[in-house]
Every structure is written in structure tokens, then in C-alpha cells.
Amino acid sequence: HLETIIEAAEILKDRPDICFLLVGDGAERARLLDIVKQKNIKNVVVAGQLEKQAMPALWNRVHVSLIVLRKSDTFKSVIPSKIFESLAMQKPIILGVEGESADLLKESASGVCITPEDSTQLAAQVKLLADDGEYYDQLSRGGRQFVHQFYDRDELAMQYITRITAFLSLGDAITANHGGGHD
């Protein structure tokens, strides 16, 4: 819920070291730009859609990944792909989503969960990560380690191949035992 980020930015307006970057070109972009302009919020940048090639440079410039969605039962069974990008890029996550995403974040020890749509909690966690370098580093390392341990693409591909091979071998064994015909 992007308005939550704008509200948190207002709370932190006196922190020149903190800036919020919203990237994308969704249906809400024009409305968000209007809110930022009307309220004269200086610590929010609303960028448009970026090319995929530009994303690594963007990830290198940001310090924290904010993943905030509306408070809804629909999102309890969803894991935004941005979580895995954030973990792999060693960016601590502040997550305003309940359910499976929150469970994954807790398991990875790579961020903090807040109540969805709670701008006060969001601002407090942003401030904490900005002020506590040791805590920031701890969360950064946790995410990277978790991704490498449980979501390495090469390892997952090998597991997939192993399972398919076992399944095909089982099919061959069944066919051999029944003479290959139908009874």
C-alpha cells in the first residue's frame, strides 16, 4: 500500500539521510505524484518504470526494500517475487504483509514485519535500520545466506531433474513389471 510509504516519509521528513524511492508505472502513480506534490514531501521520489537492465544498479543504490500491501486475506497466501530479489541483493526487508510472506521473512532472519498499512511502524523500522548499522548488517547477511541455502536456482534445477528422473524410472519399472500392456 504505497500511501503507507508516503505517510511514513512525512513522519521522517526531518531526516535528510532518509529518502523513499517508488519505482513503477502502475495505475496509482499519477495519484501518488499528486499527493507528494500537494503535501510538498521532499523525501519521496516517484520514478517511472525502469528497464530490467537498470534494476541491478537500482538495487545497488537502495539500502532497504519496502514490501507493503493492503491488509487483505488475499495477500496472506502470496509471496511477492521482490522478496527473493531483496534477499539475494542483501537488502533488509520491511514487510507489511501477513501470512506466507511474513513466515518466509521470519525464517530467513532478513527483515522485520509490520502491521499492514501502519505508517508509524514503517517509519520506526526505517529509522531503526538507518540508525543501527550492526542490526542492518545482520539482516543483510541473513537474507543472502537464506537464498543460497534454500533457493539457489542451480540446486533447485538439480532437485527437479532428480525427481523427474526418479519418476520416469518408476514408470519404466511399472511398465516392465506389467509387460507393457493393459489388462
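Quick note: structure is the one above.
Residues numbered from 1 in each chain as written. Predicted model: local features only at pLDDT ≥ 70, side-chain atom pairs only at ≥ 80, totals over all residues. Heavy atoms only, no water.

### Points about helix 2 (residues 29-38)
What counts is decided by this rule: Summary of the burial criterion: residues with accessible area below 20% of their type's maximum are buried, those above 50% are exposed, and those between are partly exposed, where the area comes from a 1.4 Å probe applied to protein chains only. Comment: elements are numbered from the N terminus, with helices defined as DSSP H or I runs of at least four residues and strands as E runs of at least two. Directions from the helix axis toward the C-beta atoms define the arc. Pairs of residues are marked as contacts when any of their non-hydrogen atoms sit within 4.5 Å.
Listed in full, the buried residues belonging to helix 2 are Leu32, Ile35 and Val36. Down the axis, helix 2 shows its buried residues gathered within 95° of arc, on one side only. Turned more than 90 degrees from where helix 2 packs its buried face, Ala30, Lys37 and Gln38 sit exposed. Residues of helix 2 that are buried make contact with helix 1 (2-11), strand 1 (20-23) and strand 2 (44-47). Asn40 sits one or two positions beyond helix 2 and adopts a positive phi of about 55°.

### Some details on the nonpolar core
Applied cut-off: Nonpolar cores were defined as sets of buried Ala, Val, Leu, Ile, Met, Phe, Trp, Tyr and Cys residues, with membership established by side-chain atoms within 4.5 Å.
Of all hydrophobic cores here, the largest spans 25 residues; its most connected members are Phe20, Val44, Ile94, Leu122 and Val126. Listing elements by their share of this core, those giving two or more residues are helix 1, strand 1, helix 2, strand 2, strand 3 (65-68), helix 6 (119-131) and helix 7 (133-150). Not counting residues up to four positions away in its chain, the partners in contact with Leu122 are Thr4, Ile5, Ala8, Leu66, Ile94 and Ile114. In this structure, Ile83, Leu104, Leu105 and Phe146 belong to the second largest nonpolar core, which totals 11 residues.

### So, empty space enclosed by the protein
Convention followed: A cavity, in this analysis, means grid points on a 1 Å lattice covering only the protein atoms where a 1.4 Å probe fits yet has no way out; a pocket is instead an open set bounded by protein on both sides within 12 Å along at least five of seven lines, and a residue lines either one if it has an atom within 4 Å of a point. Grid points are joined across faces, edges and corners, and a volume is the space filled by probe spheres set on the points. Only Asp, Glu, Lys and Arg are considered charged in this grouping, and only Ala, Val, Leu, Ile, Met, Phe, Trp, Tyr, Cys and Pro are considered nonpolar; every other residue, Gly among them, is considered polar.
As enumerated under the stated definition, the model contains 1 cavity of 30 Å³ or more in all. Quantified by volume, the largest cavity comes out at close to 40 Å³. Taken together, Leu69, Arg70, Lys71, Ser72, Phe75, Lys76, Gly96, Val97, Glu98 and Pro116 make up the lining of the largest cavity. Grouping the amino acids of the lining of the largest cavity by side-chain chemistry returns 4 nonpolar, 2 polar and 4 charged.

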